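# Summary of structural features
One letter stands for each residue in the lines below.
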Amino acid sequence: MNLQQASESFFDEPYSGGSGPGPAVAHATCVRQTAEGARAVGSLATRYLVAVLAQRCHDELADCLEPHERALETGAIHVERSGAVPGPGLRLTGWVEQLADDAVTWRVRARDEHDRVCEATIELRTVAARATATVGEAGQRQRRAA
């Protein structure tokens, strides 16, 4: 991984939701649920939001990979703060907090106009090209070798 380029990676952008169900839909559903159901839907909304933040981290580092590194995989995710996920109008922010040869730790936040909705650290690790070969590719190599 190009550590210099990775160390300069960050994002700070508005998020209005993607296609399909997301935090806004889950939040609207929370209003109509029982207390237990609302907690479950709120948990799903938080997971969705963390997945969106992790994907942004992946996207930012994609150009930093060296030729022998094929992909990034998510290592540990630690959610430090999570609140009610509002409808549209979130701002997503993330920056590289720590670098190692094969791992990058991001600090990420999602906030609305009133407060932080989610704060987390996300660790991404590089995967060597050999480690990402699919079962089909492995089978083709075995047949060629035979």
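Residues numbered from 1 in each chain as written. Predicted model: local features only at pLDDT ≥ 70, side-chain atom pairs only at ≥ 80, totals over all residues. Heavy atoms only, no water.

## Quick word on the packing of aromatic side chains
- By the definition in use, this model includes 1 aromatic pair.
- Residues Phe11 and Trp106 carry aromatic rings whose centres are separated by 5.7 Å and whose planes lie at 35° to one another, so their mutual orientation is tilted. Of the two residues, Phe11 sits in strand S1 (residues 10-15) while Trp106 sits in strand S4 (residues 103-111), which places them 95 residues apart along the sequence. Side by side, Phe11 and Trp106 carry an identical accessibility label, which is buried.
- In this arrangement the basic side chain of Arg56 is found over the ring face of Phe11, its NZ or CZ atom lying 4.9 Å from the centre. (Phe/Tyr/Trp six-rings, centres within 6.5 Å; stacked < 30°, edge-to-face > 60°. Helix = DSSP H or I, 4+ residues; strand = E, 2+ residues; numbered from the N terminus. Buried < 20%, exposed > 50% of the residue type's maximum accessible area, 1.4 Å probe, protein only. Lys NZ or Arg CZ within 6 Å of the ring centre and 35° of its normal.)

## Let's talk about the nonpolar core
- Counting residues in hydrophobic clusters, the biggest one holds 25 residues, and the most contacted among them are Leu49, Leu53, Leu61, Leu92, Trp106, Val108 and Ile122.
- Secondary-structure elements contributing two or more residues to this core are S1, helix H3 (35-61), strand S3 (90-99), S4 and strand S5 (116-128).
- With 7 residues, H3 is the single largest residue contributor to this core. (Core = buried A, V, L, I, M, F, W, Y, C linked by side-chain atoms within 4.5 Å.)

## Digging into the environment of Phe11
- Residue Phe11 is classed as buried on the basis of its relative accessible area, which comes to 3%.
- Not counting residues up to four positions away in its chain, the partners in contact with Phe11 are Leu53, Arg56, Cys57, Glu60, Leu92, Thr93, Gly94, Trp106 and Val108. (Contact = heavy atoms within 4.5 Å.)

## Side note on the confidence of the model for the protein
- Per-residue confidence for the protein gives a mean pLDDT of 75, with 65% of residues at or over 70.
- Across residues 19-42 the pLDDT falls below 50, and counting only partners more than four positions away or on other chains, this stretch makes 20 contacts in the model. (pLDDT = per-residue confidence, 0-100.)

## With respect to the environment of Phe10
- By the element assignment, Phe10 lies in strand S1.
- Overall, the relative accessible area of 52% leaves Phe10 in the exposed class.
- For the pair formed by Phe10 and Trp95, sequence separation is 85 residues and the distance between their alpha carbons is 4.3 Å.
- The residues touching Phe10, leaving out its near neighbours within four places in the chain, are Glu60, Gly94, Trp95 and Trp106.

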